[in-house]
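Chain by chain, the residues run as shown.
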Amino acid sequence: MTEKSDRQTENRNEPHTKGPWSHIIRGMWRSPLGLMGVTITTISATLLVIGMMVDLLGFFNNPYAGFFTYLILPGLMLTGLAMIPVAAFLRRRKWFKHGISREHLTLNLSDHTHRRWVVGFLVLTVINLCIFAMVAYEGYHFSDSAYFCGQVCHQVMEPEYTVYQRSPHARVVCVECHIGPGADWFVRAKISGLRQVVAIFTNSYSRPIPAPVEHLRPARDTCETCHWPEKFHGKKVKSFKRFTNSNQSKPEVTEIALHIGGRNPETDAFEGIHWHVSKNVKVQYLAEDEKRTKIARVKVTRPDGKEEEFVKSDLAEIKEDQGHHWRTMDCIDCHNRPTHVYQMPDERVDFGLLSRRINPDIPGMREDSLAVLTYQYATRKEAEARMVDALIALQTKRDPAMAKQHEADIKKGGDFLLEAYLGNVWPEMNIHWGTYKMHLGHQYADDGYGCWRCHDEEHVNAEGKTITQDCALCHDSP
Ligand code: HEC
Ligand code: HEC
Ligand code: HEC
Ligand code: HEC
Ligand code: HEC
């Protein structure tokens, strides 16, 4: 008898539990790899269940705990689970070498030991699947929460998250605008999310994150889940209050009534500012630059199907090509800052004076406030360390007696300014005052932002008609 068949007979004589299957299954635990797999799976599954319970009971509110529970632990659990069959497989090869033949490796369901193993395996699999389904569900919600988007990649998202929290949309989760409904955009978002995670780990993300966001979902799919042009109407009065360095106490007030427009319920026609996004009207434009600040051509398709093109003569050579694409105007072309609303230094200082958090009775406060607010600090820490003292120093230079007398007020003003700075400037991300500007209106027209990109009397159609800058088109004259 050869050594091989010798072993086989030996095997046959052993009790059932020692059959080749049980050898193999036991072998999983016995090999170091299998043992590691079992340990990792058990520990991570236990932690996972605990983590999920704590989360569901609302005990933790820490993004890293969520990150750990819904991303790291399931990953570990899967790795551990995968190690077990791999270990068994490696062992199996070893047994083949030592003579276990393939015929022994058939499952025999009438054998009660085999049945026990199969049932055990199925039960464990069902338990694992349940855990994974729960993880996937909870993880999906967690990865869609504003908390996750804004906090997990803290350094990168801190600016957008901070300004978002004080905006009218602070209760709208990021994904409502950034992903919107539907599975295809969900998948796209998760893929680009993975790319972003890679960019963070390789430290290769852009600082600042560029605006406009090139592949943002067309806003009409997202914004219009809550707002729609049929529902806008009438006028909206806005008032702007401004001070000057020479007049810190009485604001200059400008009031305008904006022609919001939308569907006029009496005439059924679309009009006013929201005409651009109304039914059956399409406004497209071709911009020279990625920032969409220099608009070369504007094409209008009217409800009757007529097309009209307005061309800016000094950009007339820009045509649709590799680098230039027609873009259909949507909400974002005006509301580019619906929620990531960055403020401007003069706006903050004037608000401080108005609310008397900066004492307007101290001479030179507006000028000095603007000076310390717009100084180029290298880091936020440096601003925290220096801003208040810098304001006191400037005031002391101006009038030592006055500064001494009002020291407490100057400090209070300094604290307000520091808060304004920390809410808008992140030197580490290259975000300074005015890095992100809005298109609503024409305050930043000189930098190429706002309505006057098109409404500049310089875009001319075939009949010589321009896109008008007539003040009364958009609002009652100030
Ligand atoms: C009300 C809709 C809305 C919500 C809610 C929203 N965003 Fe945005 N976000 C936008 C729009 C619109 C832009 C594109 C701005 C542009 O193209 O100029 C944008 C741009 C960004 C940018 C690019 C940088 C910038 O400021 O332009 C980042 C990063 C970002 N969002 C992150 C977030 C995070 C994180 C959240 C949740 C905490 C969030 N967003 C919530 C609408 C939204
Ligand atoms: C999930 C619902 C939701 C989505 C999506 C949404 N909004 Fe809003 N939006 C609101 C609510 C609610 C308010 C009113 C907030 C308030 O008055 O406090 C609001 C207010 C506004 C306002 C008025 C702000 C102000 O200063 O009074 C504008 C403009 C606006 N949204 C534009 C947008 C744009 C543009 C988008 C798409 C990028 C968008 N919204 C997406 C719910 C939404
Ligand atoms: C042509 C530019 C433009 C476009 C395009 C545009 N808006 Fe507006 N929208 C404005 C202006 C300007 C205001 C008034 C600004 C203000 O309140 O400071 C406004 C106001 C609003 C308001 C507040 C209305 C109120 O009565 O307070 C909402 C909500 C809004 N827009 C949503 C949208 C949505 C959603 C879209 C896309 C379907 C859109 N807008 C497209 C320019 C535009
Ligand atoms: C991409 C180019 C573009 C931008 C940006 C733009 N518009 Fe227009 N707008 C047009 C065109 C084109 C017309 C139609 C002109 C015509 O009919 O002669 C128009 C028409 C209008 C009308 C008249 C609508 C009607 O028929 O009742 C108003 C009001 C208006 N725009 C307001 C604004 C405001 C406010 C902004 C900025 C928040 C703005 N537009 C930004 C291209 C633009
Ligand atoms: C294409 C539309 C449009 C035209 C044309 C237009 N405006 Fe405006 N204007 C706006 C919008 C929109 C705002 C509101 C901006 C905001 O909400 O911050 C605004 C705001 C203002 C403000 C208040 C903001 C501030 O900084 O004080 C003044 C003043 C003003 N416009 C003056 C004018 C004058 C003067 C003209 C004529 C030469 C004119 N506008 C033409 C759309 C227009």
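This text gives an overview of the structure that appears in the document. In this text, all values refer to a predicted model and were calculated from it rather than measured experimentally.

### Looking at the overall build of the protein chain
Scanning the protein chain for helices and strands turns up 16 helices and 10 strands. Taking 478 residues into account, the globule formula puts the C-alpha radius of gyration at 23 Å, and the protein chain, at 33 Å, lies well above it. Per-residue burial for the protein chain yields a buried fraction of 39% across its 478 residues. Here the protein chain has roughly 28,200 Å² of accessible surface; of this, 60% comes from carbon and sulfur atoms. The distance from the centre of the 58 positive side-chain charges to the centre of the 58 negative ones in the protein chain is 9 Å.

### A word on the site of ligand 1
In the vicinity of ligand 1 lie 23 residues, with Cys-174, Cys-177, His-178, Arg-337 and His-340 positioned nearest. In the environment of ligand 1, an oxygen atom lies 3.0 Å from a nitrogen or oxygen atom belonging to the backbone of Val-213. Within the contact set of ligand 1, a nitrogen atom lies 2.7 Å away from a side-chain nitrogen or oxygen of His-340. For the shell around ligand 1, the leading source of residues is helix α7 (residues 154–164), giving four residues. Counted by class, the shell around ligand 1 contains 16 nonpolar, five polar and two charged residues.

### Remarks on a nonpolar patch on the surface
Residues Ile-43, Leu-47, Ile-50, Phe-68, Leu-71, Ile-72 and Leu-76 make up a contiguous nonpolar surface patch of about 590 Å² in total accessible area. Where the nonpolar patch is concerned, the elements lending two or more residues are α3 (32–56) and α4 (63–97). The element that contributes the greatest number of residues to the nonpolar patch is α4, accounting for four residues. Mapped onto the elements, Leu-76 comes out in helix α4. The class for Leu-76 is partly exposed, based on a relative accessible area of 36%.

### Details of the site of ligand 5
Near ligand 5 there are 20 residues, and of these Arg-242, His-442, Cys-471, Cys-474 and His-475 occur at the shortest range. Side-chain polar atom of Arg-242 to an oxygen atom of ligand 5: 2.6 Å apart, as the coordinates give it. At 3.0 Å, a side-chain N or O of Gln-443 approaches an oxygen atom of ligand 5. Where the shell around ligand 5 is concerned, the elements lending two or more residues are β1 (235–244), β2 (247–259) and α16 (471–474). Tallied by class, residues from the shell around ligand 5 come to 10 nonpolar, seven polar and three charged.

### Regarding the coordination of the iron atom of ligand 1
Around the iron atom of ligand 1, the protein contributes the donor atoms His-178 (NE2) and His-340 (NE2), at 1.9 to 2.0 Å from the metal centre. Accessibility expressed as a relative area gives 17% for His-340, which makes it buried.

### Examining unusual backbone geometry
Here the amide bond leading from Arg-207 into Pro-208 is cis, since omega sits at -5°, within 30 degrees of zero. Mapped onto the secondary structure, Pro-208 falls in the loop between α9 (183–201) and α10 (219–222). Here the residue pair Ala-211 and Pro-212 is connected by a cis peptide bond, since its omega of -5° sits within 30 degrees of zero. By secondary structure assignment, the location of Pro-212 is in the loop between α9 and α10.

### Here's the deal with the environment of Trp-275
For Trp-275, the location among the structural elements is in the loop between β4 (270–271) and β5 (282–287). For Trp-275, a relative accessible area of 24% translates into the label partly exposed. Residues Trp-275 and Pro-229, spaced 46 residues apart in sequence, show a C-alpha to C-alpha distance of 8.2 Å. If sequence neighbours within four positions are ignored, Trp-275 has contacts with Phe-270, Val-281, Val-283, Val-300 and Arg-302.

### Re the pattern of salt bridges
One pass over the structure, following the stated rule, counts 23 salt bridges. Its salt-bridge partner being Glu-309, residue Arg-297 comes within 2.7 Å of it at the nearest N-O pair. Here Arg-297, found in strand β6 (residues 295–301), pairs with Glu-309, found in strand β7 (residues 307–312); they are 12 residues apart in sequence, far enough to count as distant. Assessed through its relative accessible area of 11%, Arg-297 is described here as buried. Judged by relative accessible area, Glu-309 falls into the partly exposed class, the value being 28%.

### Examining helix α13 (residues 380–398)
Given a rise of 1.5 Å per residue, 19 residues ought to cover 27 Å, and the 27 Å separating the end C-alpha atoms of α13 matches this to within 8%. Considering bend angle alone, the principal kink of α13 is centred on Arg-386 and spans about 40°. Among the residues making up α13, those that are buried are Arg-380, Ala-383, Met-387, Val-388, Leu-391, Ile-392 and Gln-395. Buried positions along α13 lie against α7, α12 (365–374), α14 (400–405) and α15 (407–422).

### Here's the deal with the packing of aromatic side chains
The full count for this structure, using the stated rule, is five aromatic pairs. Cluster of aromatic residues (ring-pair linked, three or more members): Tyr-375, Tyr-377 and Tyr-421. The cationic tip of Arg-207 hangs over the ring face of Tyr-205; the distance from NZ or CZ to the ring centre is 4.2 Å. Cation over ring: Lys-299 sits above Trp-326, and NZ or CZ is 4.3 Å from the ring centre.

### What to know about the sheet that holds β5
As summarised here, the arrangement of the five strands in space is β8-β5-β6-β7-β9, forming an open sheet in which the pairing is antiparallel. Each edge of the open sheet carries a strand with a single partner, namely β8 (326–328) and β9 (459–460). Where β7 meets β9, two bridges bridge the pair, whose relative direction is antiparallel. Counterpart to Lys-312 in the pairing with β9 is His-459.

Procedures and definitions
Residues numbered from 1 in each chain as written. Chains lettered and ligands numbered in written order. Predicted model: local features only at pLDDT ≥ 70, side-chain atom pairs only at ≥ 80, totals over all residues. Heavy atoms only, no water. Helix = DSSP H or I, 4+ residues; strand = E, 2+ residues; numbered from the N terminus. Rg over C-alpha atoms; globule rule 2.2 N^0.38 Å. Buried < 20%, exposed > 50% of the residue type's maximum accessible area, 1.4 Å probe, protein only. Areas by Shrake-Rupley, 256 points an atom, 1.4 Å probe, with all protein chains shown as cover. Lys, Arg positive; Asp, Glu negative; His and termini not counted. Charge placed at Lys NZ, Arg CZ, Asp CG, Glu CD. Near = heavy atom within 4 Å. Polar contact = N/O pair within 3.5 Å; in protein donor to acceptor, adjacent residues only side chain to side chain. Nonpolar A, V, L, I, M, F, W, Y, C, P; charged D, E, K, R; others polar. Patch = residues over 30% accessible without salt bridge, like charges linked within 9 Å, V, L, I, M, F, W, Y side chains within 5 Å. Salt bridge = Lys/Arg side-chain N within 4 Å of Asp/Glu carboxyl O. Donors = N, O, S within 2.8 Å, 3.2 Å for Na, K, Ca; no water. Contact = heavy atoms within 4.5 Å. Expected span 1.5 Å × (residues − 1). Bend = angle between axes of the 7 residues up to and from the residue. Phe/Tyr/Trp six-rings, centres within 6.5 Å; stacked < 30°, edge-to-face > 60°. Lys NZ or Arg CZ within 6 Å of the ring centre and 35° of its normal. Pairing = 2+ DSSP bridges.

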